[in-house]
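Here are the chains, one letter per residue:
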Amino acid sequence: MKTNEIKEAALKYFTIHGYEGASLSLIAEEVSMKKQSIYAHFKGKDDLFLQVLRDAKQTELSSKRQYFSEIGSNNPEKDLYGFLQLVIELFQQSEQLKFWLRMSFFPPAHLAKAIEVEVIDIEEKLQAMLESKFQDWINAKLIVCDAAITPTFAFLGVVDSIMLELVYGNDDKRLKAKLAASWTVFWRGISHQSSIQKEVFIHEETN
């Protein structure tokens, strides 16, 4: 239990102050123990930081896996837009996800390589989840695309754009406008409506 208490306190200080500003002394004080006692649970500050980071990573991954396990396969427009809203909600409501996102963008220099491994791992897992869903929608003729990897990468680009705004921006109006614009362009590119418009354009050009 004490290990979890230490990690909870560390999450709070790492999120607010970053790696450099979060001292083991303050973290120990938060859980009513001496700084030296932390070493009975963790090798040091780096070990504590990385364990907190990996816990946050697993929370994010579990949230997204749960989302994809609960959605059906007959409404990609609703499900994909809902995923973008989930990304925003997780950042705004979960301290773990806020910490994960900030540290993936602003890692401590000496831990950058270790954090990069974790970031790439979760990106690959998310890509696999999305690609599977896109393939289902292509097979069901609910979207228009030759290969699932194309809308997968395009959608991940939209996700990255939203995450960038969450980390760097503080304007909710701009975030909503960016989400609406990115989503509109993306969805038009894979929807049947886009395919119909393209056929009309080609027909008009050839007559």
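Residues numbered from 1 in each chain as written. Predicted model: local features only at pLDDT ≥ 70, side-chain atom pairs only at ≥ 80, totals over all residues. Heavy atoms only, no water.

A few words on helix α8 (residues 172-190). With 19 residues, α8 should cover 27 Å at 1.5 Å per step; its first-to-last C-alpha distance of 27 Å lies within 8% of that length. Buried within α8 we find Leu 175, Leu 179, Trp 183, Phe 186, Trp 187 and Ile 190. The arc that holds the buried residues of α8, viewed along the axis, is 95 degrees, so those residues lie on one side. Residues Lys 173, Val 185 and Arg 188 are exposed on α8 and point more than 90 degrees away from its buried face. Structurally, the start of α8 carries an N-cap: the backbone nitrogen of Lys 173 is 3.0 Å from a side-chain oxygen of Asp 171. (Helix = DSSP H or I, 4+ residues; strand = E, 2+ residues; numbered from the N terminus. Expected span 1.5 Å × (residues − 1). Buried < 20%, exposed > 50% of the residue type's maximum accessible area, 1.4 Å probe, protein only. Arc of directions from axis to C-beta. Polar contact = N/O pair within 3.5 Å; in protein donor to acceptor, adjacent residues only side chain to side chain.)

For the rest of this paragraph, the subject is the nonpolar core. Core analysis: the biggest nonpolar cluster contains 63 residues, and Ile 27, Leu 80, Phe 134 and Phe 155 have the highest contact counts within it. If you list the elements that add at least two residues to this core, you get α1 (2-21), α2 (24-30), α3 (45-70), α4 (76-93), α5 (95-105), α6 (112-139), α7 (149-168) and α8. Examining the composition of this core, we find that 9 residues originate from one element, α3, more than from any other. Residues within four places of Phe 155 in sequence aside, it is in contact with Leu 80, Phe 83, Leu 84, Leu 130, Phe 134, Trp 183 and Phe 186. (Core = buried A, V, L, I, M, F, W, Y, C linked by side-chain atoms within 4.5 Å. Contact = heavy atoms within 4.5 Å.)

Positive phi, normally seen in glycine, also occurs at Ser 32, with a value near 60 degrees. In this structure, Lys 141 is a non-glycine residue whose phi angle is positive, near 60 degrees. If you trace the backbone, Lys 141 turns up in the loop between α6 and α7.

Attention now moves to the packing of α5 against α6. Taken N-terminus to C-terminus, the directions of α5 and α6 make an angle of 115 degrees; their axes are 10 Å apart at the nearest point. The handedness of the crossing between α5 and α6 comes out as left-handed. Along its contact with α5, which presents Trp 100, Met 103 and Ser 104, the element α6 presents Ile 115, Glu 118, Val 119 and Ile 122. Of the residues in the contact of α5 with α6, the class split is 5 nonpolar, 1 polar and 1 charged. (Axes fitted to C-alpha atoms, helices over the stretch in contact; angles between N-to-C directions. Left-handed = near helix turned anticlockwise from the far one by under 90°. Nonpolar A, V, L, I, M, F, W, Y, C, P; charged D, E, K, R; others polar.)

Glancing now at the packing of α4 against α5. Between α4 and α5, whose axes approach to 5 Å, the crossing angle comes to 105 degrees. Compared by their axis directions, α4 and α5 come out roughly perpendicular. The residues of α5 that touch α4, namely those facing Leu 90, Phe 91, Gln 92 and Gln 93, are Glu 95, Leu 97, Lys 98, Leu 101 and Arg 102. Across the contact of α4 with α5, the residue classes break down as 4 nonpolar, 2 polar and 3 charged. (Parallel < 35°, antiparallel > 145°, perpendicular 65-115°, else oblique.)

With 28 residues, α6 extends 40 Å from end C-alpha to end C-alpha; this agrees with the ideal 40 Å at 1.5 Å per step. What α6 keeps buried is the set Ile 115, Glu 118, Ile 122, Leu 126, Met 129, Leu 130, Lys 133, Phe 134, Trp 137 and Ile 138. Positioned one or two residues after α6, Lys 141 has a phi angle of 60 degrees, which is positive.

Below, the discussion takes up the pattern of salt bridges. Counting across every chain of the model gives 13 salt bridges. Glu 118 is the salt-bridge partner of Arg 54, the closest N and O atoms lying 2.9 Å from each other. Of the two residues, Arg 54 sits in helix α3 while Glu 118 sits in helix α6, which places them 64 residues apart along the sequence. With a shortest N-O distance of 2.9 Å, Arg 174 and Glu 165 are connected by a salt bridge. Among the charged side chains, a network of salt bridges with common partners joins Arg 54, Lys 57, Glu 118, Asp 121 and Lys 125. (Salt bridge = Lys/Arg side-chain N within 4 Å of Asp/Glu carboxyl O.)

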